[in-house]
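# Chains, contacts and geometry: an overview
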Amino acid sequence: MKKILFVPIALCFMAGFHAAKAEVRLAGIFADNMVLQREQPVKIWGRADRNELVTVLFNGRKHRTRADRDGAWSVVLEPMPAGGPYVLEAKGKGNAVRCGNVLVGEVWLCSGQSNMEWPVSYSMNAIEETVAADYPEIRALNVKRNGSFTPLDDLSAEWTVCTPETAGDFSAVAYFYARELHRELGVPVGIINSSWGGTDIETWTSAASYEHLPERVRIPYAPELVARLHRNDGAGPDELDLYSERKSDDAGMAGKWYREETDDSTWERMQVPQEWGDTPLAGTDGLVWFRFAFDLPASAAAAPAELHLGRIDDVDITWVNGVEVGRTNSPSLNRVYHVPANLLKAGRNVVAVRVEDVIGPGGFTGHSGELFLAAGGASPVRVPLAGLWRYNPSVVNEHYRHVDLGPNSVYSLLYNGMIHPLKDFRIRGAIWYQGENNAGRAYGYRTLFPNLIRDWRGQWGYEFPFYWVQLASFMERDDVPSDSPWAELREAQTLTLSLPQTGQAVITDIGDAQDIHPKNKQEVGRRLALVALNKTYGRSGTLCSGPTFRSMEKRGDRLVLTFGLCGAQWKVADKYGYIRGFAVAGADRRFFWAKAELEGDRIVVWSDRVKDPVAVRYAWGNNPDANLFNDAGLPAVPFRTDGWKGVTE
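All values reported here derive from a predicted model rather than from experimental measurement.

### Digging into the overall build of the protein
- Along the backbone of the protein there are 11 helices and 38 strands.
- A compact globule built from 649 residues should have a C-alpha radius of gyration of about 26 Å, and the protein, at 27 Å, falls within 12% of that.
- A principal-axis box enclosing the C-alpha atoms of the protein has dimensions of 80 × 65 × 55 Å.
- Taking all 649 residues of the protein together, 57% fall into the buried category.
- Total accessible area computed for the protein in this model is approximately 25900 Å², and 49% of it derives from carbon and sulfur atoms.
- Computed over 71 positive and 80 negative side-chain charges, the separation of the two mean positions in the protein equals 4 Å.

### Some points on the pairing of strand β34 (residues 595-599)
- With 5 bridges connecting them, β34 and strand β35 (residues 602-606) associate as antiparallel partners. From the neighbouring strand, Ala 596 faces β35, where its bridge partner is Val 605.

### Observations concerning the packing of aromatic side chains
- For the structure shown, the criterion picks out 43 aromatic pairs.
- Ring centres 5.4 Å apart and planes at 50 degrees place the aromatic pair Phe 364 and Trp 389 in the tilted group. Taken together, the residues span a long stretch of sequence, with Phe 364 in strand β22 (residues 363-364) and Trp 389 in strand β25 (residues 387-396) at a distance of 25 residues. The residues Phe 364 and Trp 389 share a single accessibility class, namely buried.
- Site record: aromatic cluster; members linked through ring pairs are Trp 204, Trp 432, Tyr 445, Phe 449, Trp 456, Trp 460, Tyr 462, Phe 464, Phe 466 and Trp 468.
- It is Arg 382 that lies over the ring of Phe 372; its NZ or CZ is 3.5 Å from the centre.
- Directly above the aromatic system of Trp 606 lies the positively charged group of Arg 558, at a separation of 3.8 Å from the ring centroid.

### Remarks on the pairing of strand β29 (residues 548-555)
- Across 7 bridges, the pairing between β29 and strand β30 (residues 558-564) is antiparallel. Residue pairing for β30: Arg 555 is matched across the bridge by Arg 558.
- Counted between consecutive antiparallel strands, the loop separating β29 from β30 contains 2 residues, among which Gly 556 sits at a positive phi close to 65 degrees.

### Re unusual backbone geometry
- Cis geometry is found at the peptide bond from Val 272 to Pro 273, where omega equals 10 degrees.
- The residue Pro 273 is located in the loop between β14 (268-272) and β15 (274-275) in this model.
- Although it is not a glycine, Lys 256 sits at a positive phi angle of roughly 55 degrees.
- Relative to the helices and strands, Lys 256 is located in the loop between α7 (251-254) and β14.

### A short note on the pattern of salt bridges
- Applying the stated criterion to the full structure yields 40 salt bridges.
- The shortest N-O distance in the salt bridge between Asp 483 and Arg 617 comes to 3.3 Å. Of this pair, Asp 483 sits in the loop between β27 (466-469) and α10 (485-495) while Arg 617 is found in strand β36 (residues 615-618), placing the two residues 134 residues apart along the sequence.
- On the basis of relative accessible area, Arg 617 is assigned to the buried category, the value being 6%.
- Of the charged contacts in the structure, one is a salt bridge between Lys 519 and Asp 515, with a shortest N-O distance of 2.3 Å.
- Among the ionic contacts, a cluster of salt bridges with common partners joins Arg 446, Asp 483, Glu 491, Arg 617, Arg 640 and Asp 642.

### Topic: the packing of helix α9 (residues 442-460) against α10
- Two elements in contact, α9 and α10, have axes whose closest approach is 8 Å; the angle formed by their N-to-C orientations is 20 degrees. As summarised for this structure, α9 and α10 are arranged roughly parallel, according to the angle between their axes. Of the two elements, α9 crosses α10, and the hand of that crossing is right-handed. From α9, Ala 442, Tyr 443, Tyr 445, Arg 446 and Phe 449 reach across to α10, where they touch Pro 485, Glu 488, Leu 489, Glu 491, Ala 492, Gln 493 and Leu 495.
- Of the residues belonging to the contact of α9 with α10, the class tally is 8 nonpolar, 1 polar and 3 charged.

### Here's the deal with the environment of Glu 184
- Within the fold, Glu 184 resides in helix α3 (residues 172-185).
- The spatial distance from the C-alpha of Glu 184 to the C-alpha of Gly 255 is 54 Å, given a sequence separation of 71 residues.

### Re the nonpolar core
- Ile 29, Phe 30, Trp 73, Ile 192, Trp 432, Trp 456 and Phe 466 are the most contacted members of the largest nonpolar core, which totals 77 residues.
- Broken down by element, this core gets its largest block of residues, 8 residues, from α9.
- In this structure, Phe 30 is in contact with Leu 36, Lys 43, Ile 44, Trp 45, Leu 88, Cys 99 and Phe 425, ignoring residues within four places of it in sequence.
- Of all hydrophobic cores here, the second largest spans 41 residues; its members include Phe 176, Leu 181, Val 187 and Tyr 537.

### Focus: α3
- When the terminal C-alpha atoms of α3 are compared, their 20 Å separation across 14 residues agrees well with the 20 Å that a helix rising 1.5 Å per residue should span.
- With 12 of 14 residues buried, α3 is to be regarded as a mostly interior element.
- Along α3, the residues that are buried comprise Ala 172, Val 173, Ala 174, Tyr 175, Phe 176, Tyr 177, Ala 178, Arg 179, Glu 180, Leu 181, His 182 and Leu 185.
- Sitting at the amino-terminal end of α3 is Ser 171, which places a side-chain oxygen 3.2 Å from the backbone nitrogen of Ala 174.
- In the stretch just after α3, Gly 186 is the one whose phi turns positive, near 70 degrees.

The rules behind these values
- Residues numbered from 1 in each chain as written.
- Predicted model: local features only at pLDDT ≥ 70, side-chain atom pairs only at ≥ 80, totals over all residues.
- Heavy atoms only, no water.
- Helix = DSSP H or I, 4+ residues; strand = E, 2+ residues; numbered from the N terminus.
- Rg over C-alpha atoms; globule rule 2.2 N^0.38 Å.
- Buried < 20%, exposed > 50% of the residue type's maximum accessible area, 1.4 Å probe, protein only.
- Areas by Shrake-Rupley, 256 points an atom, 1.4 Å probe, with all protein chains shown as cover.
- Lys, Arg positive; Asp, Glu negative; His and termini not counted.
- Charge placed at Lys NZ, Arg CZ, Asp CG, Glu CD.
- Pairing = 2+ DSSP bridges.
- Phe/Tyr/Trp six-rings, centres within 6.5 Å; stacked < 30°, edge-to-face > 60°.
- Lys NZ or Arg CZ within 6 Å of the ring centre and 35° of its normal.
- Salt bridge = Lys/Arg side-chain N within 4 Å of Asp/Glu carboxyl O.
- Axes fitted to C-alpha atoms, helices over the stretch in contact; angles between N-to-C directions.
- Parallel < 35°, antiparallel > 145°, perpendicular 65-115°, else oblique.
- Left-handed = near helix turned anticlockwise from the far one by under 90°.
- Contact = heavy atoms within 4.5 Å.
- Nonpolar A, V, L, I, M, F, W, Y, C, P; charged D, E, K, R; others polar.
- Core = buried A, V, L, I, M, F, W, Y, C linked by side-chain atoms within 4.5 Å.
- Expected span 1.5 Å × (residues − 1).
- Polar contact = N/O pair within 3.5 Å; in protein donor to acceptor, adjacent residues only side chain to side chain.

Here is the structure:
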């Protein structure tokens, strides 16, 4: 299995990075295989000894500077055209550091929650896509998950060249976006994936920016955590940080509790699967080890097998007979691990699972029938694994003065740890896929989202393009027109188009009622790329938006709607030409499904149940049944004309 989605927050306390005395160092983001932004001045920075003379060499150019009294230095490279590969070198009096295979091209920051984090390996046609992912001029940097109470100045980075062996771990939306740009522009593309599943927009916003927001949109976070955001007294880690540190010193790993011969006879027993809410582990966060022994007949031994464990909340590492067979970092994914040949044996075998619960109930959350071993061989067997397992807590919150800390515990944690270290690195722009976590507070997103965009642009010091994905359709369809928090969130996203250099990809047609992570990330990336090609790269002939509502006029018992079509033509996705997705209401604010028909480039809507309509909505629902497109295949943008109070105001 690939490593994806959810790992515990590491609440770092350090606010900078340091170099050994008399050694020149580049900031962590500068590494082999990176991409630097073309046609813009590019800052290069790092650390050295106080007042040390530093020489930076790149693409035949030389820059010299001196480190300041704190050891910080920087130079700015002149704008360059796309090209490479080059070597970036920083030299001091005692050493030199080099980054090889560096390209100059387009660099995009890609951020948000799980739909941005979702990897190629879990997307539609994953095998075909990874096999075909031979694009050596596409490079990806996956920023490690990290929350911090103070803004960090550095991070550890590894840029990866896109190959069939590596592309599976790339953010799918970012990769398919980069692929389209690379094909169309013919230049290298770098994607910086700084995302974390299940996160609020507040945690991606800087503290200073968030604290200036109106009180009505702010969350009442725990005062002690807010106070920690402002603590700059230089004190060392307190017990909250110590808990995170101790998890990296797991006694189970040190004692090799995954070995087959580990004595677990004194461990407690628990029925598996089940959540921890009704067990002695209720309220437990941290690391808990589980072990289960089973017998296997000789006929099935030595052959490869598949280990099925269902879902585990939140993170697991799994071993069979002392050998790691897989790990998964998401509570929503079924664990299916390949057990190689000759690892299983006749007689007793042992499965060991280290479960890490970050927040919430924890535990094995699947069904009993989902836990089994399917062993091959001459006589295939299926061994049930549900039952009494041995368990032993290793590092858990009860051992420390610890409160539940996750990426959403207080505002700005992920901005501090995963965005602030990037703010001096030149980018062309940003793409964003987030909002699911804020749907319950959708009206506030009208303020929070444009605030984040202005915040980030202020941190970088220039107004870069910012494009986003509107929420996909999800959940069951409404039998009758209803208020919808997801529709309100989409509306807030559309309203944010009032900011300059913004754009959105509408994907209400490619969601999944049963899955908050729709697998067709190819089309998501393509539609985002259409926006960039049109708005950033000057390809005005590239359609990048579906029909957009402009105005409404009343004609008796009917409403006549005008749209912006950008020179395109209407397309109705119905073989009989029936238009779906409209609802109208009278002054009583009761909405009913409406009939609709094309009238030239306008649409006329009405309902026999509303004699005096005053408002219309289109695609207004969590999972709307809407079928209007333009002839480029882009869906009409959801809208409402009433502006009446929604469910999240």
